[in-house]
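Topology and contacts: notes
Listed below, chain by chain, are the residues.
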Amino acid sequence: MWTYHGSFPGPTVLSARDRRTVVTHRNELPVPVVVHLHGGHVPEDSDGYPTDLLYPVGTSDPAGMPGMPGGSNTGTMSDMRGMGMERDTLAHTAIGERDYVYPAGQPVAMLWYHDHRMDFTGAAVWRGLAGFHLVTDEAERRLGLPAGDRDLPLMLADRAFDAAGALKYPAADPSALHTAGMTGKFTRGALGDVILVNGVPWPEHRVSTAKYRLRLLNGSNARVYRLRADMPRGDGHFVQIGSDGGLLDRPQRVDELTIAPGERYDVIIDFTGCAVGDRVTVYNELGTGTTSRIMRFAVTDRVADPAVLPEVLTDSGTPVPAAAVTTRTFRFARRDAGTPHGWMINGHAYSPTEPIARPRLGDTEIWRLVTDLDHPIHLHLNQFRVLSRNGGPPHRTDAGWKDTLYLGAAQTAEIAVRFTDFPGRYVLHCHNLEHEDMSMMATFTTHT
Ligand code: C2O
Ligand code: CU
């Protein structure tokens, strides 16, 4: 595997809200890396822009290394895009080691960090470059939500393995250095037949008769899950308390939960009605065979848990779509099927140098997202609110601040986003990582 600090998921970073966190990364892998803090409200030089390469320790000639933005003509950008020798002069590159600086000036939330290198994000994340980053504060602690070993960040990720147990990733270029793209049917996304939760296949976790906080992250490259908890007594359901970007104003009951790559749901599951010996299975309604089960909880311990969920969790602020200054439309669609860059936004392949939008800081904009097939759509820099789906109301689980929105085939959604604080270069993209690597990404730049 390729790992952060030797583990998969990588070490969990805990940030206090409004307190600066600095994470130093040292690259001892055979490829350049880029670290993105997904969901983070972060200055552009620490956001992990796809060409902000951190080259391996000891790289003496980055310009000669494949993947150098606009460097020699061995670079992926130049040979794949016909972009010639045009230099990406905005790239913040480094050799060996660098700091990423996170101000954490945002609501409490479960963010995650993962590799984001242009053309090869899918390969890198599949091999293990992903971890949790939690932002917390005193107000959250005062809510009395399940904490300690009853607060479980869970990364769902499917993988495939060969007979020797090695990860199997059907890339056109196994070195993950030269050519983007997948083989055969996997141009629509890499799928595995083994479901890992925090790196363990179909785990069983021992619990007490108490409420637990499950912070669910879909860290899969392309697989979408619909989760349902099967309680032997009572009705299995979740109580959603948070979304990608923070807590909901009020908890809400959800019977099942559709979670697409990049999305997070913060939920409470209640085992207080269980008896010791009960097993609670979490199923994936969208799976078949081995992918229809996720994990299991084994109730092994009787305790008293009188904790009651607060009725109000936070005041997350109401979006004001009426204040929007612009409406932009982004169409996510395949154009040249079968080519390594056939997934596009508004008919364009990803370009680091040509922004698709230039929002002004302080402005609220409405972005209409339109799909051909199903795509989980993700924006960097700011969280958004979902205003509508197909002209109707959003889904119940679209509540709160989101940074990733799952749209099915031939759908439209409108979101409201206010761009704040940091001028610079960011991306929006499909979080199906193979679509992303095959160009379904676009640059936007923010201005004062
Ligand atoms: Cu989780 Cu731009 O990514
Ligand atoms: Cu997609």
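Model, not experiment: these values are computed from the prediction.

1. Remarks on the packing of aromatic side chains
Under the defined criterion, the tally for this structure stands at 11 aromatic pairs. Between the aromatic rings of Y4 and Y113, the centroid separation amounts to 4.9 Å while the plane-to-plane angle is 55°, which identifies the pairing as tilted. Placement of the pair is Y4 in the segment before β1 (10–16) and Y113 in strand β7 (residues 109–115), with a sequence separation of 109 residues. For the pair shown, Y4 and Y113 are each scored as buried. Between W367 and F419, the aromatic rings sit 5.4 Å apart at their centres with planes inclined by 40°, giving tilted as the arrangement. With W367 in strand β23 (residues 364–371) and F419 in the loop between β27 (412–418) and β28 (424–430), the pair connects residues that are 52 residues apart, well separated along the chain. The two residues W367 and F419 agree in class, both being buried. An aromatic cluster of at least three residues, connected via ring pairs, comprises F330, W367, F419, Y426 and F444.

2. Some remarks on the environment of A180
Mapped onto the elements of the fold, A180 is located in the loop between β9 (151–159) and β10 (194–197). With a relative accessible area of 2%, A180 lands in the buried category. Each C-alpha atom of the pair A180 and A139 lies 45 Å from the other, and the pair is 41 residues apart in sequence.

3. Observations regarding the pairing of β7
Regular strands show a simple pattern: their side chains alternate between the two faces of the sheet. The buried fraction of β7 is high, at seven of seven residues. In terms of strand pairing, strand β3 (residues 35–38) meets β7 through four bridges, oriented antiparallel. Bridged to V35 within β7 is D115.

4. Overview of the domain arrangement of the chain
Reports of interface size often rely on the accessible area that becomes lost once the parts have come together. We note that the domain assignment places domain 1 (10–137), domain 2 (148–301) and domain 3 (321–446) within the chain. Inter-centroid distance (C-alpha atoms) of domain 1 to domain 2 is 25 Å. Each partner contributes to the roughly 2,300 Å² buried at the junction of domain 1 and domain 2, and carbon and sulfur atoms together form 68% of this total. Ranking the residues of domain 1 by area buried against domain 2 places M110, W126 and F132 at the top, with a combined share of 36%. Inspection of the region where domain 1 meets domain 2 yields zero salt bridges. There are nine residue pairs in polar contact (both at pLDDT 80 or more) connecting domain 1 and domain 2. Secondary structure elements with two or more residues in the side of domain 1 that touches domain 2: α1 (76–81), β7, α2 (121–126) and β8 (130–136).

5. Some words on unusual backbone geometry
The residue after F8, namely P9, is reached through a cis peptide bond having omega -10°. Tracing the backbone through its elements, the reader meets P9 in the segment before β1. Of note in this structure, D18 is not a glycine but carries a positive phi near 70°. The class for D18 is exposed, based on a relative accessible area of 59%. At D119, a residue that is not glycine, the phi angle is positive and equals roughly 75°. Along the polypeptide, D119 turns up in the loop between β7 and α2.

6. Quick look at the coordination of the copper ion (ligand 2)
Every protein donor of the copper ion (ligand 2) is listed here as H375 (ND1), C430 (SG) and H435 (ND1), and their distances to the metal cover 2.0 to 2.1 Å. Each donor residue of the copper ion (ligand 2) lies on one chain, and together they are spaced H-x54-C-x4-H. Here H375 is found in strand β24 (residues 375–379), whereas its partner C430 is found in strand β28, with 55 residues between them in sequence. Assessed through its relative accessible area of 0%, H375 is described here as buried. Overall, the relative accessible area of 0% leaves C430 in the buried class.

7. Topic: the sheet that holds β27
Strand order in this open sheet of five strands is β22-β21-β23-β27-β25, and the pairing throughout is mixed. Here the strands that pair on one side only, and so sit at the sheet edges, are β22 (343–345) and β25 (384–389). Adjacent strand axes in the sheet meet at a mean angle of 20°, parallel and antiparallel pairs treated alike. Sheet topology note: the strand β21 (residues 326–334)/β22 ladder contains three bridges and is antiparallel. Residue pairing for β22: F332 is matched across the bridge by I345.

8. Description of the nonpolar core
With 57 residues, the main nonpolar core has F330, F332, W367, L369, L405, L428 and F444 as its most contacted residues. In this structure F332 touches M344, I345, L369, V370, T371, D372, H375, I377, L428, H429, C430 and M440, once residues within four positions along its chain are discounted. By size, the runner-up hydrophobic cluster in this structure holds 29 residues, among which are L154, M231, F271 and F297.

9. Comments concerning the pattern of salt bridges
Any two side chains of opposite charge can pair, so long as their charged atoms come close to each other. Per the counting criterion, the structure on display carries 24 salt bridges. For E204, the salt bridge goes to R279, with nearest N and O atoms at 3.0 Å. Of this pair, E204 sits in strand β12 (residues 204–208) while R279 is found in strand β19 (residues 279–284), placing the two residues 75 residues apart along the sequence. One salt bridge in this structure joins R253 and D255, with 2.8 Å as the shortest N-O distance. A residue is classified by how much of its surface remains accessible, and R253, at 37% relative accessible area, is partly exposed. Using a relative accessible area of 43% as the deciding quantity, one classes D255 as partly exposed. Overlapping salt bridges, with partners in common, bring together D244, E263, R264, K402 and D403 in one network.

Conventions adopted
Residues numbered from 1 in each chain as written. Chains lettered and ligands numbered in written order. Predicted model: local features only at pLDDT ≥ 70, side-chain atom pairs only at ≥ 80, totals over all residues. Heavy atoms only, no water. Phe/Tyr/Trp six-rings, centres within 6.5 Å; stacked < 30°, edge-to-face > 60°. Helix = DSSP H or I, 4+ residues; strand = E, 2+ residues; numbered from the N terminus. Buried < 20%, exposed > 50% of the residue type's maximum accessible area, 1.4 Å probe, protein only. Pairing = 2+ DSSP bridges. Domains from an automatic or database assignment. Buried area = accessible area lost by both parts, 1.4 Å probe. Salt bridge = Lys/Arg side-chain N within 4 Å of Asp/Glu carboxyl O. Polar contact = N/O pair within 3.5 Å; in protein donor to acceptor, adjacent residues only side chain to side chain. Donors = N, O, S within 2.8 Å, 3.2 Å for Na, K, Ca; no water. Axes fitted to C-alpha atoms, helices over the stretch in contact; angles between N-to-C directions. Core = buried A, V, L, I, M, F, W, Y, C linked by side-chain atoms within 4.5 Å. Contact = heavy atoms within 4.5 Å.

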